[in-house]
Amino acid sequence: MKLLTHNLLSSHVRGVGPRGFPLRLQATEVRINPVEFNPDFVARMIPKVEWAALLEAADTLHLVEVPKGPIEGYEHDEKFLRQMHHVLLEVRTGPSLASLATAG
Amino acid sequence: MAFRSKRPEHGGPPELFYDKNEARKYVRNSRMIDVQTKMAGRALELLYLPEGQPCYLLDIGCGSGLSGDYLSDEGHYWVGLDISPAMLDAALDRDTEGDLLLGDMGQGIPFKPGSFDGCISISAIQWLCNANKKSDIPAKRLYCFFSSLYSVLVRGARAVLQLYPENSEQLELITTQATKAGFTGGVVVDFPNSAKAKKFYLCLFSGPSTFMPKALNENNEEEARESEFTSERVPYRMAQRGIVRKSREWVLEKKARRRRQGKEVRPDTPYTGRKRKPRF
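Every value quoted in this text rests on a predicted model; they were computed, and no experiment measured them.

Participant: Would you explain the overall build of chain A in this entry?
Facilitator: Scanning chain A for helices and strands turns up 4 helices and 3 strands. Secondary structure elements in chain A, listed N-terminal to C-terminal, are α-β-α-α-α-β-β. Put simply, chain A has 104 residues, and 45% of those count as buried. Within chain A, counting contacts between residues at least 6 apart in sequence, those at least 24 apart form 71% of the total. When the accessible surface of chain A is totalled, it reaches about 5600 Å², and 52% of it is carbon and sulfur.

This is the structure we're talking about:
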């Protein structure tokens with residue numbers, strides 16, 4: 001799954017982090033999938049990203065070139081957007097089904 | 001799918017119905033693929049997303065990813081949720097662009113608030129209406145689903161859920177729970193007069209009410225069901241003061257008024273408004 005999805009996941013299971021977050025990423029297999037770059041979409045998703053979890057996930061997957069946080073005026077910084085695009089949308093773990101055990 | 005004999009929800013839970021054999025149909029059967037793709041297209045159309053902007057969408061009951069592929073083709077990013085491992089396996093084989101999650105929608109959508117720009121669902125939510133475990137209460141599961149859906153959608157986003165309601169009570173149950181969860185909107189029925197082509201789309205808005213999309217009809221004429229706005233004025237035949245209340249003219253005028261309103265009125269006869277005995 002894309003790192004963007006992993007970052008936005010939350011869980012109702014008690015004990016999985018303070019707000020049911022983050023879910024541990026198991027680095028089974030990492031693929032890089034080229035995806036068409038769309039700066040508007042990436043810029044819109046940046047505010048939703050939880051950076052601590054993203055950095056942790058990137059660490060687990062041994063990714064390089066991951067920005068440490070949103071920079072000022074990121075909407076116009078193409079280099080930053082391209083890096084985020086790569087990290088959030090092109091890096092995919094899997095293929096495996098993410099099984100969500102939700103407490104009933 | 002028109003199940004004339006038995007509805008699949010009556011036979012058991014979806015994770016068992018959608019086994020490997022059923023999943024194969026959703027991969028191989030060209031008619032199945034065609035129907036699902038068409039419905040996905042219509043649902044996306046009803047979502048009225050801003051033009052030319054890729055969005056992050058949720059696909060409830062994504063199955064083998066047929067609807068998801070349509071979303072990818074339109075340039076959107078999506079996450080699919082399904083309860084059947086067999087269907088998701090088929091989706092993995094088809095190497096979908098979107099991310100797949102195994103889970104039960106009746107227990108909520110496990111995403112952070114404001115994650116998605118929109119949501120579609122094709123032929124899935126009617127499965128919430130049947131209780132498969134003794135502990136299930138359909139209304140509660142529906143409410144849990146809708147309230148979590150409301151939360152994971154961006155403010156003002158829409159959800160279009162195509163479903164096959166068994167009867168009007170079921171549809172009412174679903175819409176009631178959706179309203180309780182904070183959604184506004186309604187049901188769009190395409191081709192209401194055709195048994196086979198009839199499709200229900202539950203269109204939900206999470207922000208202030210916007211317009212309801214128009215349903216498709218066979219003969220693209222406006223049926224009398226919709227009220228027409230014209231600038232013709234109904235001739236106001238009487239000056240109210242000129243007519244004595246309870247007189248015959250008054251009765252006839254009142255009947256004519258009610259006919260104009262479309263109500264059922266007895267025909268006018270020579271006995272209409274006749275003088276009755278004082279004892280009446």
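Participant: Looking at this structure, I do not really get the UniProt feature "domain: Methyltransferase type" (unreviewed entry) in chain B. What am I missing?
Facilitator: Here, the residues flagged by UniProt with the feature "domain: Methyltransferase type" (unreviewed entry) are residues 58–131 of chain B. Segment residues 58–131 of chain B splits into 23% helix and 27% strand. End C-alpha atoms: 24 Å apart.

Participant: Sorry if this is basic, but what is going on with the packing of aromatic side chains here?
Facilitator: Think of a pair of aromatic rings as described by two things: how far the centres are apart, and how the planes are tilted against each other in angle. All names here are of chain B. Considering all chains together, one arrives at 12 aromatic pairs over all chains under this definition. Here the aromatic rings of Tyr56 and Phe116 are separated by 5.1 Å at their centres, their planes lie at 10 degrees, and the arrangement is stacked. A residue pair is termed long-range when its members are at least 10 positions apart, and Tyr56 in strand β1 (residues 56–60) and Phe116 in strand β4 (residues 116–122) qualify at 60 residues. Note on accessibility: Tyr56 and Phe116 belong to one class, buried. Pairing Phe146 with Phe183 gives two aromatic rings, centres 6.3 Å apart and planes at 75 degrees, and the pair type is edge-to-face. Placement of Phe146 in helix α6 (residues 138–152) and of Phe183 in the loop between α7 (168–180) and β6 (184–190) is noted, with a sequence separation of 37 residues between them.

Participant: Teacher, can you tell me more about helix α2 (residues 20–28) of chain B here?
Facilitator: One turn of an α-helix holds 3.6 residues; hence residues three or four places apart share an orientation. All names here are of chain B. Considered for burial, the residues of α2 that qualify are Glu22, Ala23 and Tyr26. Buried residues of α2 fall within an arc of 100 degrees about the axis and therefore sit on the same side. Among the exposed residues of α2, those oriented more than 90 degrees off its buried face are Lys20 and Arg28. Those residues of α2 that are buried are in contact with α1 (14–17), α3 (30–47), α4 (66–73) and α5 (85–93).

Participant: Is there a simple way to think about the environment of Cys129 of chain B in this case?
Facilitator: Residue and element names in this part refer to chain B. Within the secondary structure, Cys129 sits in the loop between β4 and α6. Counting along the chain gives 52 residues from Cys129 to Tyr77, while the straight-line C-alpha distance between them is 29 Å. Among residues more than four places away in sequence, those in contact with Cys129 are Pro138, Leu142, Gln170 and Ile174.

Participant: Mind showing me how you'd approach the confidence of the model for chain B here?
Facilitator: Low-pLDDT stretches of the model should not have their predicted coordinates read in fine detail. Residues and elements named next belong to chain B. Per-residue pLDDT for chain B has a mean of 84; in total, 88% of the residues score no lower than 70. For chain B, α2 is the element with the lowest average pLDDT, namely 85, and β1 is the one with the highest, namely 95. Contacts from residues 220–228, a stretch scored under 50 in pLDDT, to residues over four places away or in other chains number 7 contacts. Predicted complex metrics record ipTM = 0.81 and pTM = 0.75.

Participant: Help me understand the pairing of β4 of chain B, please; the structure alone is not making it clear to me.
Facilitator: Regular strands place their side chains on alternate faces of the sheet. Residue and element names in this part refer to chain B. Buried residues dominate β4, accounting for 7 of its 7 residues. Bridge analysis of β1 against β4 gives 4 bridges, and the strand direction is parallel. Bridging across to β4, Asp59 finds its partner in Ile120.

Participant: What am I meant to see in the packing of α2 of chain B against α3 of chain B here?
Facilitator: Axes are the key here: two packed helices are described by the angle between their axes and the distance separating the axes. All names here are of chain B. Between α2 and α3, the least distance of the axes is 6 Å, while the angle of their chain directions is 75 degrees. Classified by the angle between their axes, α2 and α3 sit roughly perpendicular to one another. Listed contacts from α3 to Glu22, Lys25, Tyr26, Val27 and Arg28 of α2 are Ser30, Met32, Ile33 and Gln36. Taken together, the residues of the contact of α2 with α3 sort by class into 4 nonpolar, 2 polar and 3 charged.

Participant: Mind showing me how you'd approach the environment of Lys2 of chain A here?
Facilitator: Its place among the elements puts Lys2 of chain A in the segment before α1 (3–8). The exposure class of Lys2 of chain A is buried, given its relative accessible area of 3%. Sequence separation between Lys2 of chain A and Leu89 of chain A is 87 residues; the distance between their C-alpha atoms is 5.5 Å. Other than its neighbours up to four places away in sequence, Lys2 of chain A contacts Leu88, Leu89, Val91 and Arg92 of chain A together with Tyr77, Trp78, Glu97, Gly98 and Asp99 of chain B.

Participant: Before we go on, may I ask you to explain helix α4 (residues 78–90) of chain A in this structure?
Facilitator: Listed as buried for α4 of chain A are Phe80, Leu81, Gln83, Met84, His85, Val87, Leu88, Leu89 and Glu90 of chain A. Residue Asp77 of chain A occupies the N-cap position of α4 of chain A, its side-chain oxygen lying 3.3 Å from the main-chain nitrogen of Lys79 of chain A.

Participant: Looking at this structure, how should I read the side chain of Asn130 of chain B?
Facilitator: Mapping Asn130 of chain B onto the fold places it in the loop between β4 and α6. A residue is classified by how much of its surface remains accessible, and Asn130 of chain B, at 17% relative accessible area, is buried.

Participant: Help me out: how do you make sense of the interface of chain B and chain A in this one?
Facilitator: Frequently, the measure chosen for interface size is the accessible area removed from exposure when the parts meet. Residue-level contacts link 27 residues of chain B with 30 residues of chain A. Taking both sides of the interface into account, the surface hidden between chain B and chain A amounts to around 2400 Å²; carbon and sulfur atoms contribute 54%. Per-residue buried area on chain B facing chain A is highest for Tyr77, Pro110 and Lys112 of chain B; these three make up 28% of the total on that side. With its nearest N and O atoms 3.8 Å apart, the salt bridge here joins Asp99 of chain B to Lys2 of chain A. Put simply, chain B and chain A have 14 residue pairs in polar contact (both at pLDDT 80 or more) between them. Elements with a contribution of two residues or more to the side of chain B that touches chain A: β2 (77–82), α5 and β3 (99–102) of chain B.

Participant: Explain a positive patch on the surface to me, please; I cannot follow it from the model alone.
Facilitator: All names here are of chain B. There is a patch of like positive charges on the surface, built from Arg245, Lys246, Lys254, Arg257, Arg258 and Lys263. Summarising the element assignment, Arg258 is placed in helix α8 (residues 248–260). The class of Arg258 is partly exposed, set by a relative accessible area of 35%.

Rules of the game
- Residues numbered from 1 in each chain as written.
- Chains lettered and ligands numbered in written order.
- Predicted model: local features only at pLDDT ≥ 70, side-chain atom pairs only at ≥ 80, totals over all residues.
- Heavy atoms only, no water.
- Helix = DSSP H or I, 4+ residues; strand = E, 2+ residues; numbered from the N terminus.
- Buried < 20%, exposed > 50% of the residue type's maximum accessible area, 1.4 Å probe, protein only.
- Contact = heavy atoms within 4.5 Å.
- Areas by Shrake-Rupley, 256 points an atom, 1.4 Å probe, with all protein chains shown as cover.
- UniProt positions renumbered as here; feature names shortened; annotations may be inferred.
- Phe/Tyr/Trp six-rings, centres within 6.5 Å; stacked < 30°, edge-to-face > 60°.
- Arc of directions from axis to C-beta.
- pLDDT = per-residue confidence, 0-100.
- Pairing = 2+ DSSP bridges.
- Axes fitted to C-alpha atoms, helices over the stretch in contact; angles between N-to-C directions.
- Parallel < 35°, antiparallel > 145°, perpendicular 65-115°, else oblique.
- Nonpolar A, V, L, I, M, F, W, Y, C, P; charged D, E, K, R; others polar.
- Polar contact = N/O pair within 3.5 Å; in protein donor to acceptor, adjacent residues only side chain to side chain.
- Buried area = accessible area lost by both parts, 1.4 Å probe.
- Salt bridge = Lys/Arg side-chain N within 4 Å of Asp/Glu carboxyl O.
- Patch = residues over 30% accessible without salt bridge, like charges linked within 9 Å, V, L, I, M, F, W, Y side chains within 5 Å.
- Lys, Arg positive; Asp, Glu negative; His and termini not counted.
- Charge placed at Lys NZ, Arg CZ, Asp CG, Glu CD.

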